[in-house]
Structure formats: structure tokens, C-alpha cells
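As a plain string of letters, each chain reads:
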Amino acid sequence: MTPATHAVRRSDQTTDKTALRPFRVQVPDAQLAELRRRVLAARLPERETVPDFSQGVPLDTVQKLAHYWATQYDWRTVEKRLNSVPNFITEIDGLDIHFIHVRSKLQNALPVIITHGWPGSVVEQLKLIEPLTNPAAHGGTDADAFDVVIPSMPGYGYSGKPTAAGWGPERIARAWHELMQRLGYTQYVAQGGDWGAIITEIMGAQAPKGLLAIHTNMPNAIPLAMDAAAFGGAPVPGGLSADEKQAYEQLAAFYRDPFYAFLMGTRPQTLTALTDSPVGLATFLIDHDSRSLELIARSFNGVAEGLTRDDVLDNATLFWLTDTAVSSARLYWEALQKKLGFFTPKGVKVPVAVSAFPDDLYQVPRSWCEQAYPKLMHYNRLPKGGHFAAWEQPKFLSEEMRAGFKSLRR
């Protein structure tokens, strides 16, 4: 199915392509019943032959995920959360873009556009809205307030699916600037992790008028030589500090298992099976990297820290209902056509704030950030948190955004 199968409520029937059309998520009961039927009918493989995660998602995790999905999970809860904030669709560069837009009730709020990644969606950022728009209730002050814009990337969620090649990170970055202008923001900041970090840093390299600064929780700051060495499996280079050595070892470990990215980057259309099996889709989505898989798997074992079972299934269910497994994967293909480095510097020209989480793909050291970002204005190493910081540790990330952009408010 496509996003068009869900109820879209417009305030009028305008033909103006630049109009901001109010949008509401309303999934028919029949689609949820069909999802549940498919989950219950899933044919699973035999158990892995190792006692760890080295062969991928363990059968035990898949069984617990499927059982909870079919018997207890309630999509209507997150649907209600999505509909509790203003959602819109507008056409930019020929494509419908879905976004959430929450204006703070406080004066002089700083506009921020926050971009999700893969395998993510706007669901990841829902936990950030209240701390950013109402900071005094979450340990900040009224002066820390943000207006929050959270778009769905092309091919993801309720945004349109490109029908021709060309919607890569650079084009998305330009579209985000157009979106902020369309919302009336002459000055704003941007934030992102995973693909959101890449798009945000490309915005920083494009440096459109009005973009004041960016914040990233996946800094594209790995020196080219270090990235190439880690990708090739070379031993730790000499002369590195302790923090640099740790980051190198983390990146090298990640590069041993990024085959999901290679598959999406070269053959996204081959992932057809993910559009036919919700359990297969969810299994593929949660195996992003080894540490994230461990953090996700523990949520199905009763560990309350970070993500919950509902968090994981909210995102997987959105992918299923919008049929975006393949369309979202094409972003990797687009990047590969341009030989875009995932973790190397993008030539950011605007001021940058960095938050380095210990369980991310790598915890980038300050020294590399200082090389990558000539206008580094904030750097902090967090005590806990992984790759999906907005999802896992929204308190830390919202506090980091306040701190990182504070100097712009003086």
C-alpha cells in the first residue's frame, strides 16, 4: 500500500502545490488485522548455531518480537501520539513531503529541523518534542525553547516515494531548506543522527542563507585515511590518542558487519521479501549494528532502559503500513552512486555542535571534530546512549541541543 491509502484531511481543496495540507494518520482496522494475521503465520528459521549475535538476530528475539506484536502490541497508541501533534504534507521539488511542525508557546523559540535516519522515522523524534518546545518542564528554561520541524525523508513514512532516481542526500538537504523557508523561518538550526546527520552536515556544507548552525549525534568527522584503513581492516595506526584509538576500533568493528548497507546500496529492489513478511521486515530493521541490536533485543527480555518493545514495533509497524521497506532502502543506492562517504567530513561551513554517545558506531574524539569542523562550538561525550539517541536517550539529546545552540541565543 502507499501513504495515499491512509486518511488525509485537508483544510481545503486548494491546487496550490506549495500549500501546507493538514494530515492525519488513520489506519483502517482491516490493515491491522491483516498485519496480525501475517505475523501469526510467519515461518521462522531454525535456531542459530552460536550463543551470541554473530549470526544476526537470534531466533529467541524474533519469536518474542512476533508474539508481542501479534498478541499485545497496539498501533492505536502511537497513532494517537502522532495525531496529537500537527502533521502536514507539502509538495517540494515535485514530491510530497510529510512533516510534523510544533511551535513552542514561548517567545523567541529557535526553529530547528530534525532529521531521522534508517531504519527510522518521525516516530524516533516524538520523544524530543515536549522537552524542546517546553524546556522549563524538563530541566531547562523558557529561553531554551525550540520550534520543532520533523520531516519524513523521501521514501519514508508518509512522504512520497520518488519515481525516478535523483533523490539523494544533497537534494533532500536543499528540500529541507525550502521547507523551513516555506514555514516562514528566515533563521533556523538543524539536527540529525544516522542519515539525518549526513543530510544535516550536507546542509551545513551547502550553507544556505538562514542556516545558523547544526547539531549532530553522528559526526561525519572520521579522517579520510582513518576511514579507509578501518574499512580495509587494517590494524590500529600508530600515534593515536586513547580516544582516537577507541573510535578507530569501534569503526573497524562496525565495518566488519555493514552488509545490510551494501545490499541496500547495490540491490534495494531485491528486498522484495520485506514487503511480504512483517516479521522478516522487523528482523531486518533491528539488525542495524551489533550494539543497537543488543540494546533492542534486551527490550524483549524485560529491560526497561532505553528502548521499549513498543518503541521498536511502532517503527516497524509504520514501515509495514506505509510499504516503505524498498523505497527507504534506495537512499543507500542514491548515496553509492555519488560515492558519498558515510562518516567522513562533508566540508561544513557553519558552526557545529557535537554530542558523542558511547554506544554509537564510534564515539568520535574532540581532536577529529576540531579538524572536520572549523567552527566547532560545542563538544560533549555522553555517559550512555547509542546510535539512535533521540529514541533511546531523549533527555540527554534534548539537553545537548539546548547546550549546543545556547550561544546562538545571546
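Scroll up a little and you will see the structure.
Keep in mind it's a predicted model, so treat the numbers as computed, not measured.

Caption draft 1: How the structure looks around the pairing of strand β2 (residues 87–92). Burial analysis of β2 places 5 of its 6 residues in the buried class, which makes it a mostly covered element. Taken together, the 3 bridges between strand β1 (residues 21–23) and β2 define a ladder with antiparallel strand orientation. From the neighbouring strand, Pro22 faces β2, where its bridge partner is Phe88. Between the end of β2 and the start of strand β3 (residues 95–102), which pair antiparallel, lie 2 residues, with Asp93 showing a positive phi angle near 55°.

Caption draft 2: Highlighting the pattern of salt bridges. Scanning the entire structure with this criterion turns up 17 salt bridges. Members of the salt-bridge network, linked through shared partners, are Glu34, Arg37, Arg38 and Asp276.

Caption draft 3: Here's a closer look at a nonpolar patch on the surface. There is a patch of nonpolar side chains on the surface, built from Phe231, Phe259 and Phe262 and spanning about 330 Å² of accessible area. Structurally, Phe262 can be placed in helix α9 (residues 259–266). Overall, Phe262 belongs to the partly exposed group, its relative accessible area being 35%.

Caption draft 4: Looking closely at the sheet that holds β3. One open sheet holds the 9 strands; their spatial order is β1-β2-β3-β5-β4-β6-β7-β8-β9, and the pairing between them is mixed. Only two strands of the sheet have a single neighbouring strand rather than two, namely β1 and β9 (376–381). Along the sheet, successive strands turn relative to each other by an average axial angle of 25°, direction set aside. Two elements, strand β4 (residues 110–115) and strand β6 (residues 188–192), share 4 bridges in a ladder whose sense is parallel. Each bridged residue has a counterpart across the sheet, and for Val112 the counterpart in β6 is Val189. This element, helix α6 (residues 195–206), spans β4, β6 and β7 (211–216) of the sheet and lies at about 150° to β7.

Caption draft 5: Seen up close, the pairing of β4. A large share of β4 lies buried, amounting to 6 of its 6 residues. On β4, burial covers both faces: Leu110, Val112 and Ile114 on one face and Pro111, Ile113 and Thr115 on the other are all buried. The pairing of β4 with strand β5 (residues 146–151) spans 4 bridges and is classified as parallel. Counterpart to Pro111 in the pairing with β5 is Asp147. Considered for its hand, the β-α-β crossover made up of β4, helix α4 (residues 126–133) and β5 is right-handed.

Reading the values: the criteria
Residue positions are counted from 1 within each chain, in the order its sequence is given. Selection of residues for local features in this predicted model requires a pLDDT of at least 70, selection of side-chain atom pairs for listing and counting requires 80 or more, and totals for whole chains, interfaces and linings are taken over all residues. Excluded from the side-chain calculation are hydrogens and water; included are all heavy atoms of the structure. The cut-offs for exposure are 20% and 50% of the maximum accessible area for each residue type, with area from a 1.4 Å probe on protein chains only; residues under the lower value are buried, those over the upper are exposed, and the others partly exposed. A run of H or I in DSSP becomes a helix once it reaches four residues, and a run of E becomes a strand once it reaches two; helices and strands are each numbered from the N terminus. Pairing between strands is defined by DSSP: at least two bridges between the two strands are required. Definition used for salt bridges: Asp or Glu carboxyl oxygen within 4 Å of a side-chain nitrogen of Lys or Arg. Only residues whose relative accessible area exceeds 30% and that form no salt bridge enter a patch; like-charged residues are grouped when within 9 Å of one another, and nonpolar side chains (Val, Leu, Ile, Met, Phe, Trp, Tyr) when within 5 Å. Here the accessible surface of atoms and residues is derived via Shrake-Rupley with a 1.4 Å probe, and residues count as covered only by protein chains that are part of the display. All axes here are fitted lines through C-alpha atoms, helices being fitted over the stretch that makes contact, and every angle between N-to-C directions spans 0 to 180 degrees. Working rule for contacts: check all heavy atoms of both residues, and any pair within 4.5 Å makes them a contact. Every crossover in which the path from the first strand over the helix to the second runs clockwise, viewed with the strands pointing away from the viewer, is termed right-handed.

Everything listed here is a matter of coordinates, which is why it stays silent on function.
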